[in-house]
Every structure is written in C-alpha cells, then in structure tokens.
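Observations on the three-dimensional arrangement
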Amino acid sequence: MYENLVNQAAGKLLAADIKHNRLPGAVLFAGPEASGKLTAALETARILSCHQTPQGKWLCECPSCLQHKALVCSNLMLMGPRDCSLEISAAAKTFTEAHFINAKYIDAARYLFLRSVRKLTLRFNGILWEGDSNLNKIGSIIEEINESLEQLDFPRDLPDNGTVKKLCEDISKLCTKLEDDFLYDSIPINQVRNMEAWAHIKSEEGRKTVIIENADRMQTSVRNALLKILEEPPEDVVFILLTSKRNAIMQTILSRVRTYNFTDRSLEEQREVITRVFHNDDFAGNLNDYLLTYLPVTPSEIKNQARIFYNSVASRQICNIDEIVKKCEKFYPRIELRLFLSNIALFMKPMLNSQAGSEAAAKAMQLLRNCSDNITLYNQSPVSALEILMRDMFALNNSFGGVFCAAM
Ligand SMILES: [Zn+2]
C-alpha cells in the first residue's frame, strides 16, 4: 500500500488504519503543495474498493484495482480546482520520450499520461455537472479527449511515434481549454448537492470515495452544505478532503475529520520524485519548479512583467498593459495569471512594515482577488481586467499618499 507515495510518513499511518479497519468516514490530508496528497487520496480509493484479501496490495490485479489504476472507476468522485495542465504536459513528455526510445518503463509512462489526463476529466463527471449551463460544451470536449485517449489506452498497441506525439499534443490542448474555461476556482453549491445525491445511492462496486481538492477554497454556503453531509455521512462512503491551508478550513469541518499531515519534502526527496515519476535525472530544482518549466512563458518573465506593472503603480506612471498581456501570452494557461498576481503580492511585502502600508496592502490584496475573479469567473479580457486593476491601485496609492514603493 502507498508504495507510490514517495517519502511521506502519512502513507504508513493510512496503511495501518486501513489494515485495522480504523479509517473514519471523513479524513483530511493537509500539507504543502506537491506533497503527494492527491496521489495518496487516489491510492486510498483504490485500496478501499479492492476485491482481494488482503485488501489493496500493491500491483493487485483485481478488476477494481485495474480500473482505479487507469482512473476509470465509477465509485470515485473527484471534485475541486487544481492546476492539471502542467502535469499533463510533463507526463506527455515523459510518455512520448519513453515511446521514442522504447524504454523499459513505457507502461508506467503510459499510465502516467493517462492518469494525468483523467485527474482532470474526472472532475467533469456528468453527474456532478447536472444542471450546469456548460454541461453540453464540456461534454463535447470530453468526448473529443476520450476519442484520442482511447488510441493511447491499454490494451492497445501504441501507434507510431509521430502519431503518439500528435495525439498527446491534441489532448493537452483540449485539457488546457477544459481547465481554463470551465473548471471553477471554487466548488459551486450545485455540485455538492449532486455529489450528495450520488453518495446516497448504494453502489454495487463496494465502497465509494469522494475526493475534494483545495477544500479550503469553498464559499460559506458550500461549506455548510458539505458540513451537513459530513455530520450524517452516507454509509460506505469515504470523504477525503485535501488542503494546503488547514487554517482556512472551518472549525466545524475540522472537528468532523481526522487529519493526516503531509510534510514538505526536502529538495533531494523532490528530485527523487522527478526522477522516479518523470524520468528526468538532470533537473536541479524542486517539483513545483519542474512543472513550471512546462509553462509557455517562463516564471521569471512573468515576474518581470509583474514588476513592470507594480512599479508603474508605485511611480504613478501608466505602463503599456497590452504589452504585458502579450508578453504573458494572454495568461493562458491561467496558472500564469496566478503567478503574475502572486508576484505583485510579494512586491507589496515591504509595505507591511508600517500601519498605513499594511492597510493599503490589505486593500490591494482584495483588488488582486477581484482582478482574478473578473478574468476567471466573469470572462473579462485580461487587458480590461488589468486596466481596472491599474486604475484602482493608482487610486489606492494616491489615497494613502504614495505608500507603494518600487520593487527591485
Ligand atoms: Zn485489488
């Protein structure tokens, strides 16, 4: 059990609790990003629905385990936002290279790619999206993805190198579109209700698992709806909440779940993950930085552009927003927008040394969140959203007598 969870003690605790039938119906995996929480949650789902005794052995080949390994299982519900597109690009590269050199690890690389795509598409389960106005559009993109994915799936023989590469590229593009255009940044209430209805239907395939990623990012009404479910959980369903901000989770929810802590892995351990999973031996940085190398625009270029924007506010001189958006390739995929805004937040840190600075920074943080919502939720163009942000930050800087100071 949990052999794929590299360097996390939580795996041993979970394995022991499952073995002794002590795993409660609702658990929380808390720990920093890229610490293996989703890997552990998916592995938990596999183990709990395994048909063999002893249950959930590594490399078990019972029908349920095979389905879970490929992430085509009807007793698993995966919800919540996640940046999937970089992992999909990284997995595509590992897979196409393994195919090209006819590597011994080709099957593992193939699973890596299939799973990386399904970690995204599972979030678009029609049951969850019932009643959503985007359901049809999403359905046709998913259909397109599945058609291509089928040609790469087991037990088929893989097509030639060129075809595999082309299929991976097509799938990656569709996935980026799916994630950027349709994946909500926080779970809508409708999805929690749909999930609840699903959870109450008895499954013939045994235990159901509901995984909720970034569980801290829920609106109040959604948290309350979830709390109700956790107070009277349906039989035979395990809820796994994931978060990198345990402090942001409501106390009432925390009291309903058992927390398993995931720790930050050392640089050495993260490099081991990069080598073992992505078969890249010569990347020197951490896992997050490795995935960021798959962004179309480099993180340092995004930081540069954020600095230009921020310094324009600080020096009260308008800058060319069109140019910034162009240099950041229209913030597509959206993770670039998050990086851009979080760099601006970092540039404001020195302001926290003064009372007025802290106040202004808190107000500016709200403006950054609005800007993100305007683009991701309300489909405003990045240029107009940044123009509004610029205008509002100018006004804020003026009303605080020029408290923003230039960043180096
Ligand atoms: Zn099994």
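First, a word on scope: everything that follows refers to the structure included in this document. (Residues numbered from 1 in each chain as written. Predicted model: local features only at pLDDT ≥ 70, side-chain atom pairs only at ≥ 80, totals over all residues. Heavy atoms only, no water.)

This paragraph deals with unusual backbone geometry. Residue Phe 154 is joined to Pro 155 through a cis peptide bond whose omega torsion reads 0°. Residue position: Pro 155 is located in the loop between α7 (135-150) and α8 (161-182). A cis amide bond, omega 0°, links Tyr 332 with the succeeding residue Pro 333. Position of Pro 333 among the secondary structure elements: in the loop between α15 (321-327) and α16 (335-347). Here the phi dihedral of Asn 102 falls at roughly 55°; this positive angle occurs in a residue that is not glycine. Structurally, Asn 102 is set in the loop between α4 (85-100) and α5 (106-121). Asn 102 sits in the exposed class, given a relative accessible area of 66%. (Helix = DSSP H or I, 4+ residues; strand = E, 2+ residues; numbered from the N terminus. Buried < 20%, exposed > 50% of the residue type's maximum accessible area, 1.4 Å probe, protein only.)

Those donors, Cys 50 (SG), Cys 60 (SG), Cys 62 (SG) and Cys 65 (SG), are the protein atoms that reach the zinc ion, and they lie 2.3 Å from it. With 4 donor atoms in place around the zinc ion and angles of 105 to 115° between them, the coordination shape is tetrahedral. In primary sequence terms, the donor set of the zinc ion follows C-x9-C-x1-C-x2-C. The same class applies to Cys 60 as to Cys 62, namely buried. (Donors = N, O, S within 2.8 Å, 3.2 Å for Na, K, Ca; no water. Tetrahedral: all angles 85-135°; square planar, octahedral: opposite > 155°, others 65-115°.)

All told, the structure shown has 19 salt bridges when counted by the stated rule. Between Asp 181 and Lys 177 there is a salt bridge whose closest N-O contact spans 2.9 Å. Placement of both Asp 181 and Lys 177 in helix α8 is noted, with a separation of 4 residues, approximately one turn of the helix. Residue Asp 181 is classed as partly exposed on the basis of its relative accessible area, which comes to 36%. One salt bridge connects Lys 327 with Glu 323, and the closest N-O pair in it is separated by 3.4 Å. Separated by 4 residues within a single helix, Lys 327 and Glu 323 lie in helix α15, roughly one turn from each other. By relative accessible area, which is 40% here, Lys 327 ends up partly exposed. Residues participating in the shared-partner salt-bridge network are Arg 82, Glu 87, Lys 119, Arg 123 and Glu 213. (Salt bridge = Lys/Arg side-chain N within 4 Å of Asp/Glu carboxyl O.)

Its location among the elements puts Glu 179 in helix α8. For Glu 179, the side chain forms a polar contact with the main-chain nitrogen of Ser 85, separated by 3.0 Å. Among all residues touching Glu 179, those that are not within four sequence positions of it are Arg 82, Asp 83, Cys 84, Ser 85 and Leu 120. (Polar contact = N/O pair within 3.5 Å; in protein donor to acceptor, adjacent residues only side chain to side chain. Contact = heavy atoms within 4.5 Å.)

The subject of this paragraph is the environment of Arg 258. Examined against the element boundaries, Arg 258 turns out to sit in strand β5 (residues 258-261). Residue Arg 258 is classed as partly exposed on the basis of its relative accessible area, which comes to 34%. Sequence separation of Arg 258 and Val 277 is 19 residues, and the distance between their C-alpha atoms is 29 Å. In terms of polar contacts, Arg 258 uses its side chain to reach the side chain of Tyr 260, at 3.3 Å.

What follows deals with α8. Its 22 residues give α8 an end-to-end C-alpha distance of 31 Å, which sits within 8% of 32 Å, the value for a rise of 1.5 Å per residue. All of the buried residues along α8 are Val 164, Leu 167, Cys 168, Ile 171, Ser 172, Leu 174, Cys 175, Thr 176, Leu 178, Glu 179, Asp 180 and Phe 182. The inward-facing, buried residues of α8 contact α4, α5, α6 (126-129) and α7. The opening residue of α8, the one whose side-chain oxygen lies 3.1 Å from the backbone nitrogen of Gly 162, is Asp 160. (Expected span 1.5 Å × (residues − 1).)

Here Arg 316 lies in the loop between α14 (299-314) and α15. Of the residues examined, Arg 316 reaches a relative accessible area of 42% and is grouped as partly exposed. Through-space distance from the C-alpha of Arg 316 to that of Asn 397 is 8.3 Å; in sequence the pair is 81 residues apart. Ignoring any residue separated from it by four or fewer positions in sequence, one finds Arg 316 in contact with Phe 394, Asn 397, Asn 398, Gly 401 and Gly 402. For Arg 316, the side chain forms a polar contact with the side chain of Asn 398, separated by 2.7 Å.

Pairing in this open sheet of 5 strands is parallel, and the strands run β2-β3-β4-β1-β5 from one edge to the other. Lying at the two open borders of the sheet, with one neighbouring strand each, are β2 (76-79) and β5. Each neighbouring strand pair of the sheet contributes to a mean axis angle of 20°, computed without reference to strand direction. Two strands pair when backbone bridges link them, and strand β3 (residues 208-212) and strand β4 (residues 237-243) are joined in this way by 5 bridges, in the parallel orientation. Looking at β4, one finds that Ile 212 is bridged to Leu 241. Against the sheet, helix α2 (residues 37-48) touches β1 (26-30), β2, β3 and β4, its axis set at about 175° to β4. (Pairing = 2+ DSSP bridges. Axes fitted to C-alpha atoms, helices over the stretch in contact; angles between N-to-C directions.)

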